[in-house]
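# Structural features, examined
Letter by letter, the chains look like this.
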Amino acid sequence: MIRNARGRGTAGIVAAGLLLAALPAVSERTYVLTLGYQLLLWTTLAVSWNLFSGFANYPSFGHGMFFGIGVYTTSTMLTATSLPYGVAFLASFAVAGGVAVLLGLALFRSTRFRGDLFGLVTLVLAFVVATVVSNTSLLDGGTGVFVRAAAEGTLLDNSPARLYLTVLALATLTVVIAYLIATGRWGLGLTAIRDDEEVAESSGVNTYRVKVLTFGLSAGLAGLVGSPHAVFLGYVEVGSVFPLSIPLFVLMMAILGGTTTWFGPIIGAVLVTAAQQALIGQGQAEVSQIIIGMLLVVLILVCPNGLGGLLRRRPREEVTS
Amino acid sequence: MSLLRCEGVTKYFGGLRALDGVDLVVDPGEIVGLVGPNGSGKTTLMNAISGTFGINAGRVEFDGTDVTGMRPHQRAHLGIARTFQIPKPLPSLSVIDNVALAYTFGRDQVPMGRARQLAGDLLAELELAGKALAPVAHLNLHERKLLGIARALGLEPRLLLLDEVLAGLNPTEVDLGLAMITAVRDRGVAVIYIEHNVKAVTSISDRLYVLNRGTNLVDGNPRDVVADERVVAAYLGDAHADPA
């Protein structure tokens with residue numbers, strides 16, 4: 001028996017993951033597995049974004065960039081080297097996380113880079129990275145990269161079931177990390193940073209270190225899930241890897257679900273992805289964007305703390321003086 | 001050896017010279033009152049000691065260590081804790097977690113479970129135990145100030161910086177506050193105490209520093225200091241200091 005509450009919570013999340021791992025045994029239809037893949041991919045992205053940007057309230061528009069860095073790290077390593085897929089997988093985490101750590105080390109030296117300014121810097125940087133990738137022939141060079149042939153015979157082997165299981169494992173890992181952070185000491189430090197960095201710092205929190213490391217972890221997880229996505233796409237090109245819609249959707253899912261809880265972004269990711277798939281299924285891809293955007297506006301007005309905020313036990317009230 | 005030694009502390013805000021070569025010494029376990037007219041640099045000195053910002057010249061030494069270039073959390077780990085003039089409870093956290101934060105991120109990095117226990121004990125001592133699990137929005141001003149002190153004490157400091165903790169409180173609460181500050185000192189914690197209420201500050205301080213326009217004016221025994229002509233002049237104008 002696992003006695004402490006966090007151990008039980010972790011076991012519960014892992015059990016849910018194992019349950020979902022039965023899906024390929026239930027249905028081998030590519031449509032079902034791909035829908036599951038999409039749900040888990042967006043869950044991983046939204047929950048990992050929330051680790052830093054939600055918990056510490058540093059909204060980043062760079063999550064799509066870190067995801068894209070992961071995609072291109074894997075596509076490049078699969079096509080340009082003969083290293084096994086596992087190496088490319090881990091490298092996707094390391095490169096995306098490493099870029100975020102360097103960025104954090106530079107930006108968080110000054111407390112000015114928070115709020116709008118932090119968002120703006122991450123947004124601009126995403127365009128810079130996309131331009132660099134597009135103009136570097138080793139990575140892409142503007143022609144796109146065919147990953148499908150290179151992925152043949154690797155661990156993933158272009159199999160929908162294996163792709164699904166890989167992303168499921170990553171989603172489970174990410175949710176467990178978010179859960180452990182939210183319920184532990186690290187989360188307390190991040191919440192203090194969200195509320196008042198000066199108070200956090202004077203209460204002994206090394207705010208610089210906490211921010212740099214959490215930003216790195218958040219970005220690294222986005223890069224990690226980018227790795228199977230390179231194989232999922234089969235053909236990787238800048239326009240579909242670095243569109244602005246990815247960071248915007250991630251932001252929307254997390255805010256919709258609630259950024260102050262570990263589970264909020266899961267709700268947001270599942271709802272938005274499901275709604276999108278349903279509308280696209282009706283042949284309404286453009287309408288879906290409008291409807292989802294309007295839903296978001298309404299929901300933010302109705303519950304500013306997100307859907308997860310409604311489910312939380314402790315009321316969060318504003319201090320009046 | 002003195003616990004805190006500030007030498008020639010100088011701080012500019014743009015062209016404004018908020019502190020101009022201020023010296024201050026605090027010995028272990030003493031209460032030092034810090035008074036002065038509005039804008040004399042009391043809170044700026046507090047921020048310079050706790051590390052909120054860097055200083056332009058001078059030196060801050062704590063327990064023999066030069067802390068001038070250190071960040072606030074490093075100074076907190078060495079044993080410098082502070083409160084804020086306007087209490088700043090963290091609104092997303094319960095009362096007990098506001099205090100547990102200091103225990104778990106303080107010098108000893110106590111694990112969370114133990115940190116909550118210690119925080120609960122401390123809140124009980126300060127008679128806030130009844131509100132331990134409440135959101136901070138449920139606290140009144142007096143309780144918020146107490147919470148600020150509790151969070152500072154959670155760092156298990158050797159020097160506590162109190163910025164106007166009694167302002168805005170009723171006379172009963174002021175008396176309770178003074179008794180509490182004395183109790184903190186009796187645990188061996190030195191206190192620097194900024195206060196506008198001169199009567200309150202003279203009653204419990206071992207020594208008094210008076211700042212005026214960012215410089216040292218007078219310091220020493222509280223009774224002598226408040227009677228000093230220069231102090232009266234700074235507060236009330238020259239006419240009152242020199243009736244002749």
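Let me begin by describing the structure that accompanies this report. (Residues numbered from 1 in each chain as written. Chains lettered and ligands numbered in written order. Predicted model: local features only at pLDDT ≥ 70, side-chain atom pairs only at ≥ 80, totals over all residues. Heavy atoms only, no water.)

### Side note on the overall build of chain B
In terms of regular secondary structure, chain B is built from 10 helices and 10 strands. Relative to a compact globule of 244 residues, whose C-alpha radius of gyration would be 18 Å, chain B shows 18 Å and is just as compact. Projecting the C-alpha coordinates of chain B onto the three principal axes gives extents of approximately 65 × 40 × 35 Å. Going through the 244 residues of chain B one by one, you find that 57% of them count as buried. (Helix = DSSP H or I, 4+ residues; strand = E, 2+ residues; numbered from the N terminus. Rg over C-alpha atoms; globule rule 2.2 N^0.38 Å. Buried < 20%, exposed > 50% of the residue type's maximum accessible area, 1.4 Å probe, protein only.)

### Notes on the overall build of chain A
Within chain A, the regular secondary structure consists of 16 helices and two strands. Whereas a compact globule of 321 residues would reach a radius of gyration of roughly 20 Å, chain A reaches 19 Å, a difference of no more than 12%. With respect to the three principal axes, the spread of C-alpha positions in chain A is 60 × 45 × 45 Å. Counting all 321 residues of chain A, 52% fall into the buried class. Looking at chain A alone, contacts between residues at least 24 apart form 79% of all its contacts between residues at least 6 apart. Accessible surface, chain A as shown: approximately 14100 Å² in total, 67% of it carbon and sulfur. For chain A, the centre of its 17 positive side-chain charges and the centre of its 14 negative side-chain charges are spaced 11 Å apart. (Contact = heavy atoms within 4.5 Å. Areas by Shrake-Rupley, 256 points an atom, 1.4 Å probe, with all protein chains shown as cover. Lys, Arg positive; Asp, Glu negative; His and termini not counted. Charge placed at Lys NZ, Arg CZ, Asp CG, Glu CD.)

### As for the interface of chain B and chain A
Opposite the 31 residues of chain B that make contact, chain A presents 27 residues. A buried area of about 2600 Å², summed over both sides, lies between chain B and chain A, and 60% of it is on carbon and sulfur atoms. On the surface where chain B and chain A come into contact, there are four salt bridges. A salt bridge links B:Arg71 to A:Glu201; the shortest N-O distance between them is 3.1 Å. Between the two partners, chain B and chain A, sit 10 residue pairs in polar contact (both at pLDDT 80 or more). Among the elements that make up the side of chain B that touches chain A, the one with the highest residue count is helix 3 (residues 95-105) of chain B (six residues). Here the residues of the side of chain B that touches chain A are counted per class, giving 16 nonpolar, nine polar and six charged. (Buried area = accessible area lost by both parts, 1.4 Å probe. Salt bridge = Lys/Arg side-chain N within 4 Å of Asp/Glu carboxyl O. Polar contact = N/O pair within 3.5 Å; in protein donor to acceptor, adjacent residues only side chain to side chain. Nonpolar A, V, L, I, M, F, W, Y, C, P; charged D, E, K, R; others polar.)

### Looking at the pattern of salt bridges
All names here are of chain B. By the definition in use, this model includes 17 salt bridges over all chains. The shortest N-O distance in the salt bridge between Arg-59 and Glu-61 comes to 2.4 Å. Residue Arg-59 is classed as partly exposed on the basis of its relative accessible area, which comes to 32%. A relative accessible area of 18% means that Glu-61 is categorised as buried. Of the charged contacts in the structure, one is a salt bridge between Lys-131 and Glu-143, with a shortest N-O distance of 3.2 Å. A residue pair is termed long-range when its members are at least 10 positions apart, and Lys-131 in the loop between helix 4 (112-125) and helix 5 (141-153) and Glu-143 in helix 5 qualify at 12 residues.

### A few points about the packing of helix 3 of chain B against helix 4 of chain B
Residues and elements named next belong to chain B. Two elements in contact, helix 3 and helix 4, have axes separated by 8 Å at closest approach and are oriented at 120 degrees. Considering the angle they form, helix 3 stands oblique to helix 4. Classified by chirality, the crossing of helix 4 by helix 3 is right-handed. Mapping the contact onto sequence places Val-95, Ile-96, Asp-97, Val-99, Ala-100, Tyr-103 and Thr-104 in helix 3 and Met-112, Ala-115, Arg-116, Leu-118, Ala-119, Gly-120, Leu-122 and Leu-123 in helix 4. (Axes fitted to C-alpha atoms, helices over the stretch in contact; angles between N-to-C directions. Parallel < 35°, antiparallel > 145°, perpendicular 65-115°, else oblique. Left-handed = near helix turned anticlockwise from the far one by under 90°.)

### Some details on the sheet that holds strand 9 (residues 207-212) of chain B
Residue and element names in this part refer to chain B. Reading across the sheet, the six strands line up as 6-7-8-3-9-10 and stay open at both edges, with mixed pairing between neighbours. Edge positions in the sheet fall to strand 6 (80-82) and strand 10 (215-220), since each of these pairs with one other strand and no more. In this sheet, adjacent strand axes meet at a mean angle of 20 degrees when their direction is disregarded. Pairing of strand 9 with strand 10 involves five bridges; the strand directions are antiparallel. Its bridge partner lying in strand 10, Leu-208 is registered against Gly-220. Helix 1 (residues 42-50) contacts strand 3 (31-35), strand 6, strand 7 (159-163), strand 8 (190-194) and strand 9 of the sheet and is inclined by roughly 150 degrees relative to strand 7. (Pairing = 2+ DSSP bridges.)

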